[in-house]
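# Working through the structure, step by step
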Amino acid sequence: MRKITTAAEPLVRARDTDDLDACATVLGAVHAADGYPVNWPSDPAGWLTGDRHAAAWVAQWGGRVVGHVMLVPPGAGDVAPTVLPGSVDTEVAVVSRLFVDPAARGHRIGAALLDRAVREARRRGARAVLDVVATDSAAVALYERLGWECLGATRQRWGPGELVDVRCYAAPPS
(Lines give C-alpha, C1' and ligand atoms only; values in the text may rest on other atoms or scores of the structure.)
Protein backbone atom coordinates (compact mmCIF):
# COMPACT_ATOMS: atom_id res chain seq x y z
CA MET A 1 0.00 0.00 0.00
CA ARG A 2 1.33 3.42 -0.99
CA LYS A 3 1.17 5.96 1.84
CA ILE A 4 0.14 9.46 0.73
CA THR A 5 2.18 12.26 2.25
CA THR A 6 1.42 15.94 1.95
CA ALA A 7 1.43 18.93 4.28
CA ALA A 8 -1.83 20.40 2.98
CA GLU A 9 -5.12 20.11 4.83
CA PRO A 10 -7.75 17.93 3.16
CA LEU A 11 -10.38 19.74 1.13
CA VAL A 12 -13.94 18.58 1.79
CA ARG A 13 -16.34 19.52 -0.98
CA ALA A 14 -19.68 18.44 -2.38
CA ARG A 15 -19.45 15.20 -4.31
CA ASP A 16 -20.35 15.36 -7.98
CA THR A 17 -20.99 12.67 -10.57
CA ASP A 18 -17.42 12.94 -11.88
CA ASP A 19 -16.14 11.76 -8.46
CA LEU A 20 -17.94 8.40 -8.47
CA ASP A 21 -15.24 6.38 -10.26
CA ALA A 22 -12.54 7.69 -7.91
CA CYS A 23 -14.80 7.02 -4.91
CA ALA A 24 -15.44 3.45 -6.10
CA THR A 25 -11.67 2.90 -6.44
CA VAL A 26 -11.06 4.16 -2.89
CA LEU A 27 -13.97 2.05 -1.64
CA GLY A 28 -12.30 -1.00 -3.21
CA ALA A 29 -9.09 -0.25 -1.28
CA VAL A 30 -11.10 0.15 1.93
CA HIS A 31 -12.92 -3.12 1.31
CA ALA A 32 -9.62 -4.94 0.72
CA ALA A 33 -8.05 -3.48 3.88
CA ASP A 34 -11.00 -3.41 6.29
CA GLY A 35 -13.86 -5.45 4.83
CA TYR A 36 -16.10 -2.36 4.45
CA PRO A 37 -18.64 -2.62 3.12
CA VAL A 38 -19.22 -6.10 4.51
CA ASN A 39 -21.20 -7.05 1.40
CA TRP A 40 -19.41 -5.76 -1.70
CA PRO A 41 -22.01 -4.09 -3.98
CA SER A 42 -22.39 -5.27 -7.57
CA ASP A 43 -22.55 -1.59 -8.58
CA PRO A 44 -20.25 0.41 -6.26
CA ALA A 45 -21.09 3.78 -7.85
CA GLY A 46 -24.80 3.04 -7.50
CA TRP A 47 -24.28 2.01 -3.88
CA LEU A 48 -22.54 5.31 -3.25
CA THR A 49 -25.40 7.36 -4.65
CA GLY A 50 -28.01 5.29 -2.81
CA ASP A 51 -31.75 5.66 -3.06
CA ARG A 52 -32.09 8.05 -0.09
CA HIS A 53 -29.29 10.44 -1.02
CA ALA A 54 -29.65 13.82 0.67
CA ALA A 55 -26.11 15.20 0.48
CA ALA A 56 -22.65 13.78 -0.14
CA TRP A 57 -19.09 15.04 0.12
CA VAL A 58 -15.62 13.88 -0.83
CA ALA A 59 -12.28 14.65 0.72
CA GLN A 60 -9.45 15.57 -1.60
CA TRP A 61 -5.87 15.38 -0.43
CA GLY A 62 -2.66 15.23 -2.34
CA GLY A 63 -4.58 16.08 -5.51
CA ARG A 64 -6.97 13.13 -5.40
CA VAL A 65 -10.17 11.87 -3.81
CA VAL A 66 -9.32 10.02 -0.58
CA GLY A 67 -12.63 9.90 1.32
CA HIS A 68 -16.40 10.05 1.13
CA VAL A 69 -19.45 10.58 3.35
CA MET A 70 -23.21 10.86 2.78
CA LEU A 71 -26.06 12.23 4.85
CA VAL A 72 -29.40 10.52 4.30
CA PRO A 73 -32.86 10.62 5.84
CA PRO A 74 -33.63 7.70 8.17
CA GLY A 75 -34.81 4.55 6.43
CA ALA A 76 -36.67 1.43 7.48
CA GLY A 77 -33.46 -0.52 8.17
CA ASP A 78 -31.62 2.15 10.17
CA VAL A 79 -31.37 1.32 13.86
CA ALA A 80 -29.47 4.34 15.22
CA PRO A 81 -32.46 6.69 14.86
CA THR A 82 -34.62 4.25 16.83
CA VAL A 83 -32.30 4.13 19.85
CA LEU A 84 -31.70 7.88 20.11
CA PRO A 85 -33.43 9.05 23.31
CA GLY A 86 -36.31 11.32 22.39
CA SER A 87 -36.03 10.30 18.72
CA VAL A 88 -39.77 10.66 18.30
CA ASP A 89 -39.38 14.38 18.96
CA THR A 90 -35.95 14.82 17.37
CA GLU A 91 -35.22 15.22 13.69
CA VAL A 92 -32.38 12.91 12.69
CA ALA A 93 -30.12 12.51 9.69
CA VAL A 94 -28.08 9.36 9.13
CA VAL A 95 -24.37 9.50 8.33
CA SER A 96 -23.69 6.87 5.70
CA ARG A 97 -21.03 5.57 3.31
CA LEU A 98 -18.16 7.07 5.32
CA PHE A 99 -14.72 5.83 4.32
CA VAL A 100 -11.13 7.04 3.96
CA ASP A 101 -8.41 5.59 1.75
CA PRO A 102 -6.15 3.42 3.94
CA ALA A 103 -3.11 5.17 2.39
CA ALA A 104 -4.37 8.57 3.59
CA ARG A 105 -5.37 7.76 7.16
CA GLY A 106 -3.97 9.53 10.18
CA HIS A 107 -4.49 13.03 8.80
CA ARG A 108 -7.95 13.87 10.24
CA ILE A 109 -9.70 13.21 6.92
CA GLY A 110 -12.42 11.09 8.56
CA ALA A 111 -12.91 13.81 11.18
CA ALA A 112 -13.20 16.48 8.46
CA LEU A 113 -15.80 14.44 6.57
CA LEU A 114 -17.81 13.80 9.74
CA ASP A 115 -17.64 17.47 10.68
CA ARG A 116 -19.08 18.46 7.30
CA ALA A 117 -21.94 15.95 7.59
CA VAL A 118 -22.73 17.06 11.16
CA ARG A 119 -22.75 20.75 10.19
CA GLU A 120 -25.20 19.99 7.37
CA ALA A 121 -27.44 17.95 9.67
CA ARG A 122 -27.52 20.84 12.15
CA ARG A 123 -28.24 23.31 9.36
CA ARG A 124 -31.27 21.16 8.54
CA GLY A 125 -32.36 21.13 12.19
CA ALA A 126 -31.41 17.48 12.68
CA ARG A 127 -29.02 15.50 14.85
CA ALA A 128 -26.59 13.24 12.99
CA VAL A 129 -26.60 9.56 13.94
CA LEU A 130 -24.83 6.50 12.60
CA ASP A 131 -24.19 2.87 13.24
CA VAL A 132 -20.97 0.93 12.85
CA VAL A 133 -20.11 -2.76 12.87
CA ALA A 134 -19.27 -3.43 16.51
CA THR A 135 -15.93 -5.03 15.64
CA ASP A 136 -14.67 -1.99 13.69
CA SER A 137 -12.47 -0.73 16.51
CA ALA A 138 -10.81 2.01 14.42
CA ALA A 139 -14.17 3.59 13.53
CA VAL A 140 -15.43 3.24 17.11
CA ALA A 141 -12.26 4.95 18.37
CA LEU A 142 -12.73 7.80 15.86
CA TYR A 143 -16.35 8.48 16.88
CA GLU A 144 -15.53 8.37 20.57
CA ARG A 145 -12.45 10.58 20.16
CA LEU A 146 -14.66 13.15 18.40
CA GLY A 147 -17.18 13.12 21.26
CA TRP A 148 -19.94 11.12 19.61
CA GLU A 149 -22.39 9.67 22.15
CA CYS A 150 -22.65 5.87 22.16
CA LEU A 151 -26.36 5.08 22.21
CA GLY A 152 -25.83 1.37 22.70
CA ALA A 153 -25.31 -1.86 20.83
CA THR A 154 -27.90 -3.81 18.91
CA ARG A 155 -28.33 -6.09 15.93
CA GLN A 156 -29.18 -4.82 12.48
CA ARG A 157 -30.63 -6.82 9.59
CA TRP A 158 -28.45 -6.47 6.48
CA GLY A 159 -30.19 -9.03 4.37
CA PRO A 160 -32.26 -12.20 4.52
CA GLY A 161 -30.96 -14.18 7.46
CA GLU A 162 -28.06 -11.76 8.06
CA LEU A 163 -27.95 -10.02 11.42
CA VAL A 164 -24.90 -7.88 12.27
CA ASP A 165 -23.88 -6.55 15.68
CA VAL A 166 -23.62 -2.75 15.50
CA ARG A 167 -22.93 0.13 17.83
CA CYS A 168 -25.09 3.23 17.43
CA TYR A 169 -23.80 6.78 17.87
CA ALA A 170 -25.17 10.32 17.87
CA ALA A 171 -23.16 13.44 17.10
CA PRO A 172 -22.42 15.66 20.07
CA PRO A 173 -25.26 18.11 20.68
CA SER A 174 -24.67 21.52 19.14
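See the structure shown above.
Residues numbered from 1 in each chain as written. Predicted model: local features only at pLDDT ≥ 70, side-chain atom pairs only at ≥ 80, totals over all residues. Heavy atoms only, no water.

## Points about the overall build of the protein
When helices and strands are counted, the protein shows five helices and seven strands. Secondary structure elements of the protein, listed N to C terminal, follow the sequence β-α-α-β-β-α-β-α-β-α-β-β. Here the protein has a C-alpha radius of gyration of 15 Å; the compact-globule value for 174 residues is 16 Å, and the two agree. In terms of overall dimensions, the protein has a C-alpha envelope of 45 × 40 × 30 Å along the principal axes. Expressed as a percentage of its 174 residues, the buried residues of the protein come to 44%. A sequence separation of at least 24 residues applies to 65% of the contacts in the protein between residues at least 6 apart. Surface exposure of the protein reaches about 8,800 Å², of which carbon and sulfur atoms provide 51%. Once the 19 positive and 20 negative side-chain charges of the protein are each reduced to a mean point, those two points are 4 Å apart. (Helix = DSSP H or I, 4+ residues; strand = E, 2+ residues; numbered from the N terminus. Rg over C-alpha atoms; globule rule 2.2 N^0.38 Å. Buried < 20%, exposed > 50% of the residue type's maximum accessible area, 1.4 Å probe, protein only. Contact = heavy atoms within 4.5 Å. Areas by Shrake-Rupley, 256 points an atom, 1.4 Å probe, with all protein chains shown as cover. Lys, Arg positive; Asp, Glu negative; His and termini not counted. Charge placed at Lys NZ, Arg CZ, Asp CG, Glu CD.)

## Regarding unusual backbone geometry
Most peptide bonds take the trans form, and the phi angle of most residues other than glycine is negative. In this structure, P37 follows Y36 across a cis peptide bond, with omega equal to -5°. Backbone geometry places R108, a non-glycine residue, at a positive phi of 65°. With respect to the element layout, R108 can be found in the loop between β4 (92-100) and α4 (109-123).

## Focus: the pattern of salt bridges
According to the stated counting rule, one finds eleven salt bridges in the structure shown. For R119, the salt bridge identified is with D115, shortest N-O distance 3.0 Å. One end of the pair, R119, and the other, D115, are both in helix α4, four residues apart, so they sit about a helical turn from each other. A salt bridge links R116 to E120, with the nearest nitrogen and oxygen atoms 4.0 Å apart. Of the two residues, R116 and E120 are both situated in helix α4; the distance of four residues between them amounts to about one turn of the helix. Taking the relative accessible area as the measure of exposure, E120 reaches 6% and is therefore buried. (Salt bridge = Lys/Arg side-chain N within 4 Å of Asp/Glu carboxyl O.)

## Section: the pairing of strand β7 (residues 162-170)
Each regular strand shows side chains that alternate between the opposite faces of the sheet. Examined bridge by bridge, strand β5 (residues 127-133) and β7 share five bridges and lie antiparallel to one another. Along β7, the bridge assignment pairs D131 with C168. In the sheet, strand β6 (residues 149-159) pairs with β7 via nine bridges, with the strands oriented antiparallel. Looking at the pairing, G159 lines up with E162 of β7. (Pairing = 2+ DSSP bridges.)

## Examining the state of the cysteines
Considering all chains together, one arrives at zero disulfides under this definition. With no disulfide of its own, C150 lies closest to C168 among cysteine sulfurs, the gap being 7.7 Å. (Disulfide = S-S within 2.5 Å.)

## Thoughts on the packing of aromatic side chains
By the definition in use, this model includes three aromatic pairs. Relative to W148, the ring of Y143 lies with its centre 6.0 Å away and its plane at 45°, an arrangement referred to as tilted. Above the ring of W47, the side-chain terminus of R97 is found at 3.9 Å from the ring centroid. (Phe/Tyr/Trp six-rings, centres within 6.5 Å; stacked < 30°, edge-to-face > 60°. Lys NZ or Arg CZ within 6 Å of the ring centre and 35° of its normal.)

## Looking at the nonpolar core
Counting 29 residues, the largest nonpolar core has V95, I109, L113, L114, Y143 and W148 as its most contacted members. Put simply, the parts of the chain that give this core at least two residues each are β2 (55-61), β3 (64-72), β4, α4, β5 and α5 (137-145). No other element matches α4, which puts six residues into this core. Every residue in contact with V95, bar those within four places of it in the chain, is listed here: V69, M70, L71, L114, A117, A128, V129, L130 and W148. Ranked by size, the runner-up nonpolar core spans 15 residues in total, among them A80, L84, V92 and V166. (Core = buried A, V, L, I, M, F, W, Y, C linked by side-chain atoms within 4.5 Å.)

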